[in-house]
Amino acid sequence: MDAARRAELVARYRGGHAVLVASLEGIDEAGLDARPADGGWTPREVVHHTADSEMTAAIRLRRLIAEEDPVIVGYDGDTFAVRLHYGDRPIEPALDAIAAARSTTAQILDRLTDADWARTGTHTEAGAYGVEPWLETYAVHCDDHADQIRRARAETTS
């Protein structure tokens with residue numbers, strides 16, 4: 001990945017929290033809890049998943065940079081949703097967690113050397129895993145979940 005592509009993805013990563021927040025504009029409690037017809041997650045559940053994923057991602061990046069060949073462990077998002085009570089918790093602290101994880105991680109991304117960008121480990125579900133693939137995934141993570149929220153909202157209001 002060249003420096004221009006990295007910079008583009010870091011900028012997108014930096015803007016992810018705002019994109020997610022914008023997808024929630026004007027939503028009320030009923031809208032947060034409206035389940036899509038396909039049985040997918042409600043907007044409230046999506047926000048909590050995004051927060052847990054973003055906090056996990058922040059630690060994954062730090063481990064890739066600071067440790068030699070770390071093992072990055074996957075997790076079951078559906079189990080998290082049930083056991084961590086995604087369905088009835090307020091979303092504001094989760095949104096704050098996303099903002100903090102992204103802000104502090106963006107500071108790190110800004111300081112990475114070419115050698116840092118080349119660092120790798122092993123993901124228990126995906127195999128070989130590195131800093132650049134991490135960025136490709138998480139640069140669009142909030143955008144993807146904002147789209148999921150917008151689809152759920154459109155479905156429940158139409």
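Residues numbered from 1 in each chain as written. Predicted model: local features only at pLDDT ≥ 70, side-chain atom pairs only at ≥ 80, totals over all residues. Heavy atoms only, no water.

Pulling in residues and values, what's your account of helix α7 (residues 131-138)?
Listed in full, the buried residues belonging to α7 are V131, E132, W134, L135 and Y138. Along α7, the residues classed as buried sweep out an arc of 155° about the axis, all on the same side. (Buried < 20%, exposed > 50% of the residue type's maximum accessible area, 1.4 Å probe, protein only. Helix = DSSP H or I, 4+ residues; strand = E, 2+ residues; numbered from the N terminus. Arc of directions from axis to C-beta.)

Pulling in residues and values, what's your account of the nonpolar core?
In this structure, Y13, L109, W117, V131, W134 and L135 are the most contacted members of the largest nonpolar core, which totals 18 residues. Those elements that place two or more of their residues in this core are α1 (3-23), α3 (43-66), α5 (92-109) and α7. With residues near it in sequence (within four places) discarded, L135 still touches M1, R6, L9, V10, Y13, L109 and W117. (Core = buried A, V, L, I, M, F, W, Y, C linked by side-chain atoms within 4.5 Å. Contact = heavy atoms within 4.5 Å.)

Please set out the environment of A118 residue by residue, giving values where relevant.
Summarising the element assignment, A118 is placed in the loop between α6 (114-117) and β2 (120-123). A C-alpha to C-alpha distance of 6.5 Å links A118 and V131, two positions 13 residues apart in sequence.

An account of the sheet that holds strand β1 (residues 71-72) is requested, with residue identities and associated values reported.
In spatial order, the strands read β1-β2-β3; together these 3 strands make up an open sheet with mixed pairing. Each having just a single partner strand, β1 and β3 (127-130) make up the two edges of the open sheet. Where β1 meets β2, 2 bridges bridge the pair, whose relative direction is parallel. Residue pairing across strands places I72 opposite H123, the latter belonging to β2. (Pairing = 2+ DSSP bridges.)

So what about the packing of aromatic side chains? Which residues, and what values?
Applying the stated rule across the entire model yields 4 aromatic pairs. Aromatic pair Y13 and W134: ring centres 5.5 Å apart, planes at 50°, arrangement tilted. Taken together, the positions of Y13 in helix α1 and W134 in helix α7 put the pair 121 residues apart, joining distant regions of the chain. Exposure remark for Y13: the relative accessible area of 0% places this residue in the buried category. Classification of W134 by relative accessible area gives buried; the value is 0%. Taken together, Y13, W134 and Y138 form an aromatic cluster joined through their ring pairs. It is R102 that lies over the ring of Y13; its NZ or CZ is 4.1 Å from the centre. (Phe/Tyr/Trp six-rings, centres within 6.5 Å; stacked < 30°, edge-to-face > 60°. Lys NZ or Arg CZ within 6 Å of the ring centre and 35° of its normal.)

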